Amino acid sequence: MFFLTAMLGLLILGCQSLTSCVSTRELVYFQDTPGEGEKSAVASKYIPTVQAGDVLSIQISSLNPEASSFFNPYSTVALAAERGNQMNTPGSTTPLPPSTGYLVDGAGDIELPVIGKLHVKDQTTSQVKDVIRDKVKDYLKEPTVNVRNLNFRISVMGEVMRPALFTIPNEQITLLEALSLSGDISIYGRRDNVLVIREENGQRTFARLDLTKRDVFKSPYYYLHPNDVVYVEPGKAKAATADRTNQLLPIVLSALSFLAIIASRF
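What comes next concerns the included structure. Keep in mind the model is a prediction, meaning the values are calculated, not measured.

Next up on the list: the pattern of salt bridges. Counting across every chain of the model gives 7 salt bridges. In this structure, Asp 192 and Arg 190 form a salt bridge, with 3.1 Å as the shortest nitrogen-oxygen distance. Its relative accessible area of 38% is what places Asp 192 among the partly exposed residues. Assessed through its relative accessible area of 28%, Arg 190 is described here as partly exposed. Taking the shortest distance from any N to any O, the salt bridge between Arg 204 and Glu 199 comes out at 2.9 Å. Linked through salt bridges whose partners overlap, the residues forming this network are Arg 190, Asp 192, Arg 208 and Glu 233.

What follows is the structure in structure tokens.
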């Protein structure tokens, strides 16, 4: 009986050693000592522009739906895709859905029915909308135009609860919002060393942000850009837990097998 009690105690100690202590301070965001009514500058909002390779969703409507249909060859397919996405996690695109829109070619142009070729590179979607509305006024009465960039996607990976690729419909997202979409950083993730990888103008940049400090709100990487990758690095506790698991798991399993043999004899 004493032997069984000792083995049970060993199992409990082994299970407890599999868990690692993580300092509460390592888990708390924005730790700077606040003052009453403290204010801090925020990085300028990022306004994306259309680039070659982007896919634009363009919907044109007017008082005459039949006439408007000539300008919306993708409307039926886009509607089906939209309804399909609503059945999944909002904003998530894993796997990638089929693109239903106008591909911006290498010269920065798209080609619309009836209107023809339009140059859209380096313009915001609002500017593209205004240009298209002016063009279709010659054909439609009181036209309404909606333009969205379907290529505004960001990836969140590493020590988060739900790593995924997300499509951002309003073309505006912060680093904190992206982490929230992924279920926040796990207890094992490093909040003081979050990596943002960005590719623009033929260059790739790597920026590391410390989310335990309030300076993150001033960073040019606070507002994410299309195709940004957010990577949360695992902390030492994660590696330590994995090492102890590999070391103790065979011992625990052997002890359980031995206990089962002893129990079967009584």
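The nonpolar side chains of a soluble globular protein tend to be buried with one another. Judged by nonpolar contacts, the single largest core of 27 residues is most densely connected at Ile 154, Val 156, Leu 175, Leu 179, Leu 211, Leu 224 and Val 230. For this core, the secondary-structure elements that each account for two or more residues are β6 (153-158), β7 (164-167), α5 (175-181), β8 (189-200), β9 (203-209) and β10 (229-234). With 4 residues, α5 is the largest single contributor of residues to this core. Among residues more than four places away in sequence, those in contact with Leu 224 are Tyr 46, Phe 152, Ile 154, Ile 173, Thr 174, Leu 175, Ala 178, Val 196, Arg 198 and Val 230.

Quick look at the sheet that holds β10 now. Here we have 5 strands laid out as an open sheet, ordered β7-β6-β10-β8-β9, and mixed in their pairing. Only two strands of the sheet have a single partner each, and these edge strands are β7 and β9. Put simply, the sheet's adjacent strands are angled 20 degrees from each other on average, direction ignored. For β8 and β9, the ladder comprises 7 bridges, and the chain directions are antiparallel. Paired with Glu 199 across the two strands is Arg 204, which belongs to β9.

Hydrogen bonds between backbone atoms are what pair the strands of a sheet, whose relative direction is either parallel or antiparallel. Here 3 strands make up an open sheet; going across it, the order is β2-β1-β5 and the pairing antiparallel. If you trace the sheet from one side to the other, it starts and ends with β2 (102-103) and β5 (144-149), each paired once. The sheet contacts of helix α4 (residues 125-136) involve β1 (55-61) and β5, and relative to β5 the element is tilted by about 145 degrees.

To continue, consider the environment of Leu 63. Note that Leu 63 resides in the loop between β1 and α2 (65-68). Assessed through its relative accessible area of 56%, Leu 63 is described here as exposed. Residues Leu 63 and Thr 144, spaced 81 residues apart in sequence, show a C-alpha to C-alpha distance of 9.2 Å. Sequence-distant contacts of Leu 63, defined by excluding residues within four places in its chain, comprise Lys 141 and Glu 142.

Its location among the elements puts Val 114 in the loop between β3 (109-112) and β4 (116-119). Sequence-wise, Val 114 and Lys 135 are 21 residues apart; in three dimensions their C-alpha atoms are separated by 9.8 Å. The contact partners of Val 114, leaving out residues within four places of it in the chain, are Phe 71 and Tyr 139.

Once that is clear, we can look at α4. Taking 1.5 Å per residue, 12 residues should reach 16 Å; α4 reaches 16 Å between its end C-alpha atoms and fits that length. When α4 is considered as a whole, its buried residues turn out to be Thr 125, Val 128, Ile 132 and Val 136. Along the long axis of α4, the arc covered by the buried residues comes to 65 degrees, so they all point the same way. Buried residues along α4 sit in contact with β1, β3, β4 and β5.

With that settled, consider the pairing of β1. Buried residues dominate β1, accounting for 5 of its 7 residues. As paired elements, β1 and β2 share 2 bridges and run antiparallel to each other. Residue pairing for β2: Leu 56 is matched across the bridge by Tyr 102.

Any aromatic ring pair is given by two values, namely how distant the centres are and how the planes are angled relative to each other. Taken as a whole, this structure holds 5 aromatic pairs when the rule is applied. Aromatic side chains Tyr 29 and Phe 30 sit 5.7 Å apart centroid to centroid with 35 degrees between the ring planes, which places their arrangement in the tilted category. Taking relative accessible area as the criterion, Tyr 29 reaches 22% and is therefore assigned partly exposed. Taking 5.3 Å as the distance between ring centres and 85 degrees as the angle between the ring planes, the aromatic pair formed by Tyr 222 and Tyr 223 counts as edge-to-face. Joined through ring pairs, the aromatic side chains of Tyr 29, Phe 30, Phe 217, Tyr 222 and Tyr 223 make up one cluster.

Here is what the cut-offs are and how they apply
- Residues numbered from 1 in each chain as written.
- Predicted model: local features only at pLDDT ≥ 70, side-chain atom pairs only at ≥ 80, totals over all residues.
- Heavy atoms only, no water.
- Salt bridge = Lys/Arg side-chain N within 4 Å of Asp/Glu carboxyl O.
- Buried < 20%, exposed > 50% of the residue type's maximum accessible area, 1.4 Å probe, protein only.
- Core = buried A, V, L, I, M, F, W, Y, C linked by side-chain atoms within 4.5 Å.
- Helix = DSSP H or I, 4+ residues; strand = E, 2+ residues; numbered from the N terminus.
- Contact = heavy atoms within 4.5 Å.
- Pairing = 2+ DSSP bridges.
- Axes fitted to C-alpha atoms, helices over the stretch in contact; angles between N-to-C directions.
- Expected span 1.5 Å × (residues − 1).
- Arc of directions from axis to C-beta.
- Phe/Tyr/Trp six-rings, centres within 6.5 Å; stacked < 30°, edge-to-face > 60°.

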